[in-house]
Amino acid sequence: MIRTIRALLLPLAAAALISASPAGPAPAQVDALLLKAYGGYKSASLDGPADWQKPVYSAETAALIRDWQKRVDDNLTSLSDFSWFCDCQDWDEKKFRWTRLSLRALGPNRAEVKLRVNAGWDNWSNQRLVLVRQGGRWLIDDLFSDSVPTGIKAILREELAAKPGA
């Protein structure tokens, strides 16, 4: 009897765990966000917004970026020395590409996407984006790359904490 109950409960417990796992974004939603973030590199035009001006960030990250922009004004900092999404200073628009490697839910309304980016020079940059769902949209909450291994938010906070002119 106990074996029968256990045999019945085990599949139910597994089903409960599967249904309890947090739902992440649909791959098509992530791909649309990636196109907004990375799509501009498919053009030679420099007329588009800088990576930090694109409407792809969570409210918290966008607020940090606004504070950082006010603070740095026209002065270059480590974050304004390269393009965040290509992890480069220059790219070949004809060869630029990105590949989504993985997508996983981190919790309710949080997900992680890992990708590889090629600026067109036969070298790849590994990147990790933490996404959050806000206002019905998936947005980038943090970006980790070879240039910012601690994440964009950590570097923004560091630069905001530094004394002006230091």
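Report follows, based on the coordinates.

Definitions and cut-offs
Residues numbered from 1 in each chain as written. Predicted model: local features only at pLDDT ≥ 70, side-chain atom pairs only at ≥ 80, totals over all residues. Heavy atoms only, no water. Helix = DSSP H or I, 4+ residues; strand = E, 2+ residues; numbered from the N terminus. Buried < 20%, exposed > 50% of the residue type's maximum accessible area, 1.4 Å probe, protein only. Contact = heavy atoms within 4.5 Å. Disulfide = S-S within 2.5 Å. Pairing = 2+ DSSP bridges. Axes fitted to C-alpha atoms, helices over the stretch in contact; angles between N-to-C directions. Expected span 1.5 Å × (residues − 1). Arc of directions from axis to C-beta.

Focus: the overall build of the protein
No. 1: Counting its regular elements, the protein contains 4 helices and 4 strands.
No. 2: Counting helices and strands in the order they occur from the N terminus, the protein gives α-α-α-β-β-β-β-α.
No. 3: Residues classed as buried in the protein amount to 37% of the 166 residues present.
No. 4: Relative to all contacts within the protein whose residues are 6 or more apart in sequence, the contacts with residues 24 or more apart total 55%.

Topic: the state of the cysteines
No. 1: In the structure shown here, the tally under the stated rule is 1 disulfide.
No. 2: A sulfur-sulfur separation of 1.7 Å characterises the disulfide bridge that pairs C86 with C88. Across the disulfide from C86 to C88, rotation about the S-S bond amounts to roughly -95°, and the bridge is consequently left-handed.

Here's the deal with the sheet that holds strand β4 (residues 137-144)
No. 1: Taken in spatial order, the 4 strands line up as β1-β2-β3-β4 in an open sheet, and their pairing is antiparallel. Each end of this open sheet is capped by a strand with a single partner; those strands are β1 (97-107) and β4. Taken over all neighbouring pairs, the strand axes of this sheet differ in orientation by 30° on average, direction set aside.
No. 2: As paired strands, β1 and strand β2 (residues 110-118) are joined by 9 bridges and run antiparallel to one another. Directly across from S102, in β2, lies its bridge partner K114.
No. 3: Relative to the sheet, helix α2 (residues 27-38) contacts β1, β2, β3 (124-134) and β4, its axis offset from that of β1 by approximately 130°.

Some details on helix α3 (residues 59-72)
No. 1: Over its 14 residues, α3 extends 20 Å from the first C-alpha to the last, a length consistent with the 20 Å expected when each residue adds 1.5 Å.
No. 2: All buried positions along α3 are accounted for by T61, A62, L64, I65, W68 and V72. Angularly, the buried residues of α3 cover 160° about the axis, an arc narrow enough to put them on a single face.

A look at the pairing of β4
No. 1: The buried count for β4 comes to 7 of 8 residues, which makes it a mostly enclosed element.
No. 2: Summarising the sheet, β3 and β4 pair through 7 bridges and their orientation is antiparallel. Looking at the pairing, V132 lines up with L139 of β4.
No. 3: Taken together, β3 and the strand that follows it, β4, pair antiparallel across an intervening segment of 2 residues, in which G135 is found at a positive phi of about 60°.

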